[in-house]
Amino acid sequence: MLLISIDGMHELDYLNCVKAGTCPNLAALGQTGVNYLAASTSKPSDSFPGLTAIVSGGSPRTEGVFYDCRV
């Protein structure tokens, strides 16, 4: 399995770069890769705990990954 996570990149960003032809390598991977449309990070999300949730399937609490949530 190859998981590519580009910080700050959303589905629309990917679609726009493919349409514009500015990310040919990502576009080529997208032709053969699997797109999990219902995938989601933990809520609330932060980069590291969110990625940990995607990779492990566990929540930040169950994985012991905490982050500073200042309100």
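Peer 1: Help me understand the overall build of the protein, please; the structure alone is not making it clear to me.
Peer 2: Check the secondary structure of the protein and you find four helices and zero strands. Written out in order from the N terminus, the α and β elements of the protein read α-α-α-α. The burial tally for the protein puts 15% of its 71 residues in the buried class. The long-range share in the protein, meaning contacts at least 24 apart out of those at least 6 apart in sequence, stands at 21%. For the protein, the accessible surface area stands at approximately 6000 Å², while carbon and sulfur atoms represent 58% of it.

Peer 1: What am I meant to see in the state of the cysteines here?
Peer 2: Working definition of a disulfide: a covalent bond connecting the sulfur atoms of two cysteines. Counted by the stated rule, this structure contains one disulfide. Covalent S-S linkage joins Cys17 and Cys23, the inter-sulfur distance amounting to 2.0 Å. Handedness of the Cys17-Cys23 disulfide follows from its S-S torsion of about 80°: it is right-handed.

Peer 1: Would you mind going over the confidence of the model for the protein with me for this structure?
Peer 2: Per-residue confidence for the protein averages 79 on the pLDDT scale, and 79% of its residues sit at or above 70. The lowest-confidence element of the protein is helix α3 (residues 47-56), averaging 75 in pLDDT; the highest-confidence one is helix α1 (residues 11-20), averaging 92.

Peer 1: Looking at this structure, I do not really get the environment of Ala28. What am I missing?
Peer 2: Mapped onto the secondary structure, Ala28 falls in helix α2 (residues 24-32). Spatially, the C-alpha atoms of Ala28 and Val18 are 9.2 Å apart, while their sequence positions differ by 10 residues.

Peer 1: In this structure, what is going on with the environment of Gly58? I would like to understand it.
Peer 2: As for its position among the elements, Gly58 is in the loop between α3 and α4 (60-63). The exposure class assigned to Gly58 is buried, which follows from its relative accessible area of 14%. Ignoring sequence-local partners within four residues, the contact set of Gly58 consists of Ala53 and Glu63.

Peer 1: In this structure, what is going on with a nonpolar patch on the surface? I would like to understand it.
Peer 2: Judged by side-chain polarity, Met1, Leu3, Leu51, Ile54 and Val55 come together as a nonpolar surface patch covering roughly 540 Å² of accessible area. Structurally, Met1 can be placed in the segment before α1. Here Met1 falls in the exposed class, since its relative accessible area comes to 94%.

Conventions and cut-offs
Residues numbered from 1 in each chain as written. Predicted model: local features only at pLDDT ≥ 70, side-chain atom pairs only at ≥ 80, totals over all residues. Heavy atoms only, no water. Helix = DSSP H or I, 4+ residues; strand = E, 2+ residues; numbered from the N terminus. Buried < 20%, exposed > 50% of the residue type's maximum accessible area, 1.4 Å probe, protein only. Contact = heavy atoms within 4.5 Å. Areas by Shrake-Rupley, 256 points an atom, 1.4 Å probe, with all protein chains shown as cover. Disulfide = S-S within 2.5 Å. pLDDT = per-residue confidence, 0-100. Patch = residues over 30% accessible without salt bridge, like charges linked within 9 Å, V, L, I, M, F, W, Y side chains within 5 Å. Salt bridge = Lys/Arg side-chain N within 4 Å of Asp/Glu carboxyl O.

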